[in-house]
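Here is how the chains run, residue by residue.
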Amino acid sequence: MSANWFRRRFLPGGPLPAPRPPRPRASPVPYRRPRFLRGSGSSPGTADASCRPDARPVRSPVRGRALPWNAGYAEIINAEKSEFNEDQAACGKLCIRRFEFGVEEDQEWLTLCPEEFLTGHYWALFDGHGGPAAAILAANTLHSCLRRQLEAVVEGMVATQPPMHLSGHCIRPSDPQFVEEKGIRAEDLVVGALESAFQECDEVIGRELEASGQVGGCTALVAVTLQGKLYVANAGDSRAILVRRDEVRPLSSEFTPETERQRIQQLAFLYPELLAGEFTRLEFPRRLKGDDLGQKVLFRDHHMSGWSYKCVEQSDLKYPLIHGQGRQVTVLDMDQLEPQEEDVVVMATDGLWEVLSSEQVARLVRSFLPGNREDPHRFSELAQMLIHSTQGKDDSPTQEGQVSYDDVSVFVIPLHNQGQGRSSH
């Protein structure tokens, strides 16, 4: 039957109603707060949010629930800026399993031992925009992506120097020389794993949001400790700083410009026709040859300043487009740092930094910690105090009456006496 018949039968004299746009399906993940906040005294509902900033409760883990390294955490929901708290947080222990090549050529990876081979710790903050869905997805996904990326390169991480070939065999006599000329170290593999995990997580979020008809995105700020080093990776406008007695050191950049190497690689990624089929945009420590086909070798792509491994394909044998070395992930060597008792890393979403500068936060840290050395919950108390300092109270430590109406989430990570937290193998 025709549309005209339907109009005459049911809508005489009137046009057909315009079709309703399809309603977005339910969010791919339910809204919830971080698991380590379960049991905390404050209710997360919007009934607590009001236009009076000091009426909004600050939430922290319950006393007795320890986070990695006894880190402190606190959060506050926005003053009716949006229906939900769009910040999300995650933390925990990273257990990296060890893998090794199989004996047979057609055998990929074999697990040597089911227990962890390397252990580290992980803290992350995500600030959603356009709703909390992307931030929740990232909080549930990024650590798994990172673990997979680290397990793929762990054999290179524990070597004195990452080998050109992950099998450990030199295909060409010049392999060690090329790796040395590039200055590739074990920490570069961790940096590459972080960058690849960000990329993988971004793809997962994109697929989930598209499948559920959702929109939005999120920032990501991650701190990872592994093999005696602290790695801080950031995408967006959250910030991490190191606070010491006589130093404030930025550990992240809100908007890091791409290096020329990455810009050119990305251009080749977006417009492969510019390479005319003669070049590869991927970077390797040396020009690959036919003997490398099928081998897992060091490489990096446009989204990476660190390094990882990939299986060499025919297209990788083309002439390399670029050479160079760069880094966007900050690496802190804990042994060289020699942390003192009140040295901490403060990680926070932009709700804190739009009100307080890094120097103001450092002053608050230095004024609080010396007088609270006996309090086992002092780092969470410090995180709460930092948030209270953004609420415009007359008695706030900054005494400037500044107000942040945004969501605010803060981690305070102590660095002293964390030798037991160093990865072992």
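Above this note sits the structure.
Residues numbered from 1 in each chain as written. Predicted model: local features only at pLDDT ≥ 70, side-chain atom pairs only at ≥ 80, totals over all residues. Heavy atoms only, no water.

Caption draft 1: Quick look at the pairing of strand E1 (residues 72-76). Of all five residues that make up E1, five are buried, and the element is covered over most of its length. Here E1 shows two buried faces, one formed by Gly72, Ala74 and Ile76 and the other by Tyr73 and Glu75. Relative to strand E16 (residues 408-414), E1 is paired through five bridges, and the arrangement is antiparallel. Considered in E16, the bridge of Gly72 is made with Val412. (Buried < 20%, exposed > 50% of the residue type's maximum accessible area, 1.4 Å probe, protein only. Helix = DSSP H or I, 4+ residues; strand = E, 2+ residues; numbered from the N terminus. Pairing = 2+ DSSP bridges.)

Caption draft 2: Quick look at the environment of Leu415. Among the secondary structure elements, Leu415 is positioned in the segment after E16. In this structure, the C-alpha to C-alpha distance between Leu415 and Trp69, residues 346 residues apart in sequence, is 8.1 Å.

Caption draft 3: Up close: the pairing of strand E7 (residues 229-235). When you tally the buried positions in E7, you get five out of seven residues, the bulk of the element. Sheet analysis places strand E6 (residues 217-226) next to E7, joined by seven bridges and oriented antiparallel. Among the inter-strand pairings, Thr225 is bridged to a residue of E7, identified as Leu230. Connecting E6 to the next strand, E7, in antiparallel fashion are two residues, including Gln227 with a positive phi near 55°. As paired strands, E7 and strand E14 (residues 330-333) are joined by four bridges and run antiparallel to one another.

Caption draft 4: Just the sheet that holds E16, in detail. With respect to topology, five strands assemble into an open sheet ordered E1-E16-E15-E8-E9, the strand pairing being antiparallel. Sheet topology places E1 and strand E9 (247-250) at the edges, where each strand pairs with a single neighbour. In this sheet, neighbouring strand axes are inclined to one another by 15° on average, regardless of whether the strands run parallel or antiparallel. Bridging between strand E15 (residues 344-348) and E16 involves five bridges; their strand directions are antiparallel. Residue pairing in the sheet places Ala348 in a bridge with Val410 of E16. The sheet contacts of helix H8 (residues 358-368) involve strand E8 (239-244), E9 and E15, and relative to E8 the element is tilted by about 45°. Of the strands in this sheet, E1, E15 and E16 are in contact with helix H9 (residues 378-388), which crosses E1 at around 30°. (Axes fitted to C-alpha atoms, helices over the stretch in contact; angles between N-to-C directions. Contact = heavy atoms within 4.5 Å.)

Caption draft 5: Structural view of the packing of H8 against H9. The interhelical angle for the contact between H8 and H9, taken along N-to-C directions, is 140°, at an axis separation of 11 Å. Between H8 and H9, the crossing angle belongs to the class labelled oblique. The crossing of H8 and H9 is right-handed. In this structure, H8 uses Val361, Leu364, Val365 and Phe368 to contact H9, whose residues at the interface are Arg378, Glu381, Leu382, Met385 and Leu386. Considering only residue class, the contact of H8 with H9 consists of seven nonpolar, no polar and two charged. (Parallel < 35°, antiparallel > 145°, perpendicular 65-115°, else oblique. Left-handed = near helix turned anticlockwise from the far one by under 90°. Nonpolar A, V, L, I, M, F, W, Y, C, P; charged D, E, K, R; others polar.)

Caption draft 6: Fine view of the environment of Gly294. For Gly294, the location among the structural elements is in the loop between strand E10 (279-280) and strand E11 (296-299). Residues Gly294 and Cys311, spaced 17 residues apart in sequence, show a C-alpha to C-alpha distance of 5.5 Å. Every residue in contact with Gly294, bar those within four places of it in the chain, is listed here: Cys311 and Val312.

Caption draft 7: Structural detail: the packing of aromatic side chains. One pass over the full model with this rule turns up five aromatic pairs. Aromatic side chains Tyr31 and Phe84 sit 4.3 Å apart centroid to centroid with 35° between the ring planes, which places their arrangement in the tilted category. Here Tyr31 is found in the loop between helix H1 (3-10) and E1, whereas its partner Phe84 is found in the loop between E1 and strand E2 (87-96), with 53 residues between them in sequence. We classify Tyr31 as partly exposed; its relative accessible area is 27%. (Phe/Tyr/Trp six-rings, centres within 6.5 Å; stacked < 30°, edge-to-face > 60°.)

Caption draft 8: Focus on the sheet that holds E14. Spatially, five strands are ordered E2-E5-E6-E7-E14 in an open sheet, and the strand pairing comes out antiparallel. Across the chains shown, the open sheet's two edge strands, defined by having one partner strand only, are E2 and E14. Adjacent strand axes in the sheet meet at a mean angle of 15°, parallel and antiparallel pairs treated alike. Pairing between E2 and strand E5 (residues 118-129): 10 bridges, direction antiparallel. Across the sheet, the residue bridging to Ala89 is Leu125, located in E5. Along the sheet face, helix H2 (residues 133-157) touches E2, E5 and E6 and points at about 25° away from the line of E2.

Caption draft 9: Main features of the nonpolar core. Formed by 55 residues in total, the largest nonpolar core has its most connected members in Tyr122, Phe126, Leu146, Leu150 and Val224. The leading source of residues in this core is H2, at 14 residues. One finds Ala74, Ile241, Val355 and Leu364 within the second-largest nonpolar core, a separate group that totals 27 residues. (Core = buried A, V, L, I, M, F, W, Y, C linked by side-chain atoms within 4.5 Å.)

Caption draft 10: Main features of unusual backbone geometry. Look at Trp69: it is not a glycine, yet its phi comes out positive at around 60°. Mapped onto the secondary structure, Trp69 falls in the loop between H1 and E1. Among the residues examined, Trp69 registers a relative accessible area of 11% and is labelled buried. Unusually for a residue other than glycine, Asn70 sits at a positive phi of about 60°. Tracing the backbone shows Asn70 in the loop between H1 and E1. Overall, the relative accessible area of 34% leaves Asn70 in the partly exposed class.

Caption draft 11: Layout of the state of the cysteines. Counted under the stated rule, the structure contains zero disulfides. Free cysteine Cys145: the closest other cysteine sulfur is in Cys201, separated by 5.0 Å. (Disulfide = S-S within 2.5 Å.)

Caption draft 12: Geometry of the environment of Phe368. Here Phe368 is to be found in helix H8. Accessibility expressed as a relative area gives 13% for Phe368, which makes it buried. A sequence separation of 26 residues divides Phe368 from Glu342, and the C-alpha atoms of the two residues are 9.9 Å apart. Leaving out residues up to four positions away in the same chain, Phe368 has contacts with Arg378, Glu381, Leu382 and Met385.

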